[in-house]
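One letter stands for each residue in the lines below.
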Amino acid sequence: MAVTAVIGSQWGDEGKGKAVDFLAERADYVARFNGGNNAGHTVINEFGTFKIHLVPSGIFARNTVGLIGGGVVIDPQVLIDEIEMLNKAGVGMDGRFWISPRSHIIMPYHKILDGLYEEAKGAGATGTTRRGIGPVFADKVSYNGIRWTDFASDAFENRLKVQLELKNKIIVALGGEALKYESVRDEYRGYYIKLKPYIRELFSIVQDGLKTGKNFLLEQAMGTFLDTDWGTYPFVTASTTIPSAASAGLGIPSKYITDIVGVTKAYTTRVGAGPLPTEILDTKSAVYEQFGEVAATTGRIRRVGWLDLEIVKTAVQLSGVTELCLTKLDVLSGLDNLQVCVGYKLNGEPVRYADVDAYGLDKVETIYQAIPGWKEDISKARTFEDLPVNAQNYVKMIEEAAGVPVRWIGVGPEREATIRR
Ligand code: GDP
Ligand code: IMO
Ligand code: MG
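Residues numbered from 1 in each chain as written. Chains lettered and ligands numbered in written order. Predicted model: local features only at pLDDT ≥ 70, side-chain atom pairs only at ≥ 80, totals over all residues. Heavy atoms only, no water.

(A) Seen up close, the site of ligand 1. Taken together, 19 residues surround ligand 1, and among them Lys-16, Gly-17, Thr-42, Arg-302 and Asp-330 come closest. Take Val-411: an N or O atom from its main chain is 3.5 Å from an oxygen atom of ligand 1. For ligand 1, whose accessible area on its own is 590 Å², the fraction buried by protein is 91%. Of all the secondary structure elements, the ones that give two or more residues to the shell around ligand 1 are helix 1 (16–23) and strand 3 (41–45). Here the shell around ligand 1 is composed, by residue class, of four nonpolar, eight polar and seven charged. (Near = heavy atom within 4 Å. Polar contact = N/O pair within 3.5 Å; in protein donor to acceptor, adjacent residues only side chain to side chain. Areas by Shrake-Rupley, 256 points an atom, 1.4 Å probe, with all protein chains shown as cover. Helix = DSSP H or I, 4+ residues; strand = E, 2+ residues; numbered from the N terminus. Nonpolar A, V, L, I, M, F, W, Y, C, P; charged D, E, K, R; others polar.)

(B) Examining the coordination of the magnesium ion (ligand 3) more closely. Each protein donor to the magnesium ion (ligand 3) is listed here as Asp-13 (OD) and Gly-40 (O); together their distances run 2.1 to 2.2 Å. Residue Asp-13 is found in the loop between strand 1 (3–8) and helix 1, and its partner Gly-40 is found in the loop between strand 2 (29–32) and strand 3; the two are separated by 27 residues along the sequence. Using a relative accessible area of 21% as the deciding quantity, one classes Asp-13 as partly exposed. (Donors = N, O, S within 2.8 Å, 3.2 Å for Na, K, Ca; no water. Buried < 20%, exposed > 50% of the residue type's maximum accessible area, 1.4 Å probe, protein only.)

(C) How the structure looks around the environment of Val-263. Tracing the backbone shows Val-263 in strand 10 (residues 259–265). Sequence separation between Val-263 and Ile-252 is 11 residues, and the spatial gap between their C-alpha atoms is 21 Å. With sequence-adjacent residues up to four places away left out, Val-263 is seen in contact with Val-6, Ile-7, Gly-8, Ser-9, Gln-10, Glu-14, Gly-15, Lys-16, Ala-19, Cys-325 and Thr-327. (Contact = heavy atoms within 4.5 Å.)

The structure is reproduced here in structure tokens:
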């Protein structure tokens, strides 16, 4: 049995969706355990091209069962659309996809409050996805949340009434428009009816799977440095992203997690506000163009930077990463020299990531090492030996700094554009 967690070692969008899609061939269960539909995971395979927000990216493998754990927050309409889209694409969701009744529901007021908070913070805004993520997790931990299980009794109606009374006061005070109880109630009852066939307690599924030696693939959303505790607070997301979150978010005891795959982009990107020490600020530069990406959830332009080994190293330590999946190596092709950050200094003294807060990280001086690049197109490479020597050296340098092997190398967005070592 293997319980493998796939986690991003940077600020999200490392290519977790693609990694989970190709790792799922060996999995019995594929599961999401944190975050919500702020995630946008891209999968390109024989079924087509998908940007998935809630369903585990390993669902395309025929023998897998998909699970959404109680640690995930769900915007019902997004999930309903996603199930429909996947069914239409021939993925077949019925009977092999389950949602925990413990998962919290994103309500209309969460999305409104997310936007109002962001606007109130002005220049200090987090740059959230405005999907209601912060407010729904705040309600969860302050005992104000609404869960799918609440539909089993009259808890849904009772709790919604109280919440609307509270939330409408805040919304109106901040210049928004009050929500109507009946219309929210009816809308969400409708969602519940559609999702009910998929809602099922996961405890016995997970426990039986562990007992009978099934393989689990746990798909993190966001990345290590968006973690509420260990990320660049307050420029983080509202859920724990490190692998221990799988324990609470899915009911898998930490001791069962055998492998932790750290997905690492060959450079760095970030969406939203917060420090990015290796950021390339010259938006007219060729490198900026080359690294450019559009966010899978919001369509925003991702900020880009050189590879930061201090970040990767910290993620490996913090999450107990056992192996790396390096993505987007193909994107570096054509550059004469690559800059790689090998450490930070603050006021002339060496500092590590954990020594500074987000505001300190914004001020650190990055120590770069120039690495010779390669000119060849590597997108057709399928073995390590197919790669130019300088590309091989780039991979080896990452392994050495991280202290764990790079087992997979992405050379294109499609499932098959992957080197396995
Ligand atoms: P996730 O949130 O971690 O799943 O990552 P996203 O899907 O948000 O962003 C990763 C982007 O990189 C997507 O557009 C992927 O299709 C793409 N991608 C993933 N791996 C590779 C790779 O090895 N090479 C290239 N060129 N693109 C990749
Ligand atoms: P995946 O799973 C990149 C960022 C937002 C913002 C901060 C807080 O695709 O890697 P939130 O809406 O969560 O309250 O926003 O977190 N963020 C992500 N950035 N990839 C993601 O997910 C993200 N999910 C949230 O841009 O800076
Ligand atoms: Mg993404």
